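Per-entry structural report
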Amino acid sequence: MAEQNKKIADGAEPPANWTPTPAAKSTATRFRWIAGILWAVAIVGEAVGIFWLLRQRVFVGEDGTLVRDPDTGLLEEQGVTAQFPQWAFIALLVLLVVIAALSITGSFLWKKANRLDPARKSETTRFFVQNQLGAIIAIVAFLPLIVLVFLNKDMDKGQKTTAGIVGIALAALAVFFGIDFNPPSVEQYTADQSAVIQLLGQDEVVWVDGGEVYHVCDQVSAIQTGSEIRTGTTAQAVEAGKIRLTLQFASELRTCDLAVPENADEITEALRAIQAGQVGTLLPAPVWADPADAPIQVEEAPAS
């Protein structure tokens, strides 16, 4: 952090307002396209199951005698019954597995994209749809097919029960993996960035390849792993897969002989809440024992 201290001393103005790096945005876009293609193939598979596979049938007893239906006047073969063929039943089970695999793989890629390029939580509808789209697609890809399995008149009880149970289990699995239980947001990343700038004087953090957090000191044991120690902005850390600032920043500041704010515990709890999704939580400004310890002076914005 020697270079960082020099920059702080020189009064370098740090960047503000978190945005993804161009590389992260590009990767996120690619992941979303791949996820969209996988989901589209899953829905095409569902259509194949509905409009072709479930309509397959074989007739048993075709040597029955002809009789006339007195209600319609039409002839029909008495003793002929339609059955759902075994090959189609096996193909249906395979199709359900394929749809689940496509849906889940797409959801993993979509969630990776959202961690690189998240939505704003203030945009409520977009935030919900963008983060839970995997679960929505899973429902769309499974529900109509499962309903039509139970309504199919040609399946015997055993086929219908087996296909129904398999379909419901795979659908539940795909929906579970499609849900993002703690989705990231621009507000969360901005809060971490704001904390870093106020604590260090600039948007510069360190990380290693392992783990999910970035750090404020390059001398802490958490990153003395033998891996290369990387330095960059919070956006570059997110691009590298680090989704939040460590909550142990106070002890890390001490390790690097940097000033620690007197209200470090309050800042920690605020960050904990924001990182958990409570983005309306107030992030306290650091309170320094000696004003000269402040690495940067940030004025309060005028009240709106």
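Residues numbered from 1 in each chain as written. Predicted model: local features only at pLDDT ≥ 70, side-chain atom pairs only at ≥ 80, totals over all residues. Heavy atoms only, no water.

1. Quick look at the packing of helix α2 (residues 22-51) against helix α3 (residues 86-116)
Where we set the bar: Each axis is a line fitted through C-alpha atoms, taken for helices only over the stretch in contact, and angles between the N-to-C directions span 0 to 180 degrees. Elements are defined by DSSP. Helices are runs of H or I of four residues or more, strands are runs of E of two residues or more, and each kind is numbered from the N terminus. Between 65 and 115 degrees an angle is taken as roughly perpendicular, under 35 as roughly parallel, over 145 as roughly antiparallel, and anywhere else as oblique. Handedness of a crossing follows from how the near helix is turned relative to the far one, being left-handed for an anticlockwise turn of less than a right angle and right-handed for a clockwise one. Polar here means any residue other than Ala, Val, Leu, Ile, Met, Phe, Trp, Tyr, Cys and Pro, which are nonpolar, and Asp, Glu, Lys and Arg, which are charged; Gly is therefore polar.
The geometry of α2 relative to α3 is characterised by a closest axis approach of 8 Å and an angle of 160 degrees between their N-to-C directions. Classified by the angle their axes make, α2 and α3 are roughly antiparallel. Along this stretch, α2 crosses α3, giving a crossing that reads as left-handed. Classifying every residue of the contact of α2 with α3 gives 16 nonpolar, eight polar and three charged.

2. Focus: the nonpolar core
The following threshold applies: Residues grouped as a nonpolar core are buried Ala, Val, Leu, Ile, Met, Phe, Trp, Tyr and Cys residues, joined through side-chain atoms within 4.5 Å. Buried means the residue's accessible area, taken with a 1.4 Å probe over protein chains only, is under 20% of the maximum for its type, while exposed means over 50%, and partly exposed covers the values in between. Residues are treated as being in contact if the distance between any of their heavy atoms lies within 4.5 Å.
In this structure, Leu54, Leu92, Ile99, Phe142 and Leu145 are the most contacted members of the largest nonpolar core, which totals 37 residues. Mapped by element, the contributors of at least two residues to this core are α2, α3, α4 (124-151) and α5 (157-178). Here this core gets 13 residues from one element, more than from any other, and that element is α3. Each residue touching Leu54, except ones within four places of it in the same chain, is listed here: Gly49, Phe84, Leu92, Leu145, Leu148, Val149, Asn152 and Met155. Counting residues in hydrophobic clusters, the runner-up holds 26 residues, among them Leu200, Cys217, Leu253 and Cys256.

3. Here's the deal with the packing of α3 against α4
Axis separation between α3 and α4 bottoms out at 8 Å; the angle between their running directions is 170 degrees. When the axes of α3 and α4 are compared, the pair comes out roughly antiparallel. In this structure, α3 contributes Leu92, Leu96, Ile99, Ala100, Ser103, Ser107, Trp110 and Asn114 to the contact, and α4 contributes Gln130, Asn131, Leu133, Gly134, Ala138, Ala141, Phe142, Leu145 and Val149. Split by residue class, the contact of α3 with α4 holds 11 nonpolar, six polar and no charged.

4. Some details on the side chain of Thr234
Among the structural elements, Thr234 can be located in helix α7 (residues 234-239). Note on Thr234: relative accessible area 0%, which makes it buried.

5. Some thoughts on the pattern of salt bridges
What counts here: A pairing counts as a salt bridge when a side-chain nitrogen of Lys or Arg comes within 4 Å of a carboxyl oxygen of Asp or Glu.
One pass over the structure, following the stated rule, counts eight salt bridges. Note that Glu123 and Arg126 form a salt bridge whose closest N and O atoms lie 3.5 Å from each other. Judged by relative accessible area, which is 34%, Glu123 ranks as partly exposed. As a salt-bridge pair, Arg272 and Glu269 come within 3.4 Å of each other at their nearest N and O atoms. Here Arg272 pairs with Glu269, and both are found in helix α9 (residues 264-275), just three residues apart, close to one helical turn.

6. Section: the side chain of Asp180
Its place among the elements puts Asp180 in the loop between α5 and α6 (186-200). Ignoring sequence-local partners within four residues, the contact set of Asp180 consists of Lys111, Arg115, Asn131 and Gln132.

7. Regarding the packing of aromatic side chains
How we decide: Between the rings of Phe, Tyr and Trp (Trp by its six-membered ring), a pair exists once the centres lie within 6.5 Å; its type follows the angle of the planes, with under 30 degrees stacked, over 60 edge-to-face, and the other angles tilted. Remark: a charge is flagged as sitting over a ring if the NZ atom of Lys or the CZ atom of Arg is within 6 Å of the ring centre and within 35 degrees of the ring normal.
A complete count under the given rule lists six aromatic pairs for this structure. On the basis of an interplanar angle of 50 degrees and a centroid distance of 5.9 Å, the ring pair of Trp52 and Trp87 is categorised as tilted. Linking Trp52 in the loop between α2 and β1 (58-60) with Trp87 in helix α3, this pair joins segments that are 35 residues apart in sequence. Over the ring of Trp110 we find Arg32, and its NZ or CZ is 5.5 Å from the ring centre.

Without other data, these values stay purely geometric and don't point to any function.
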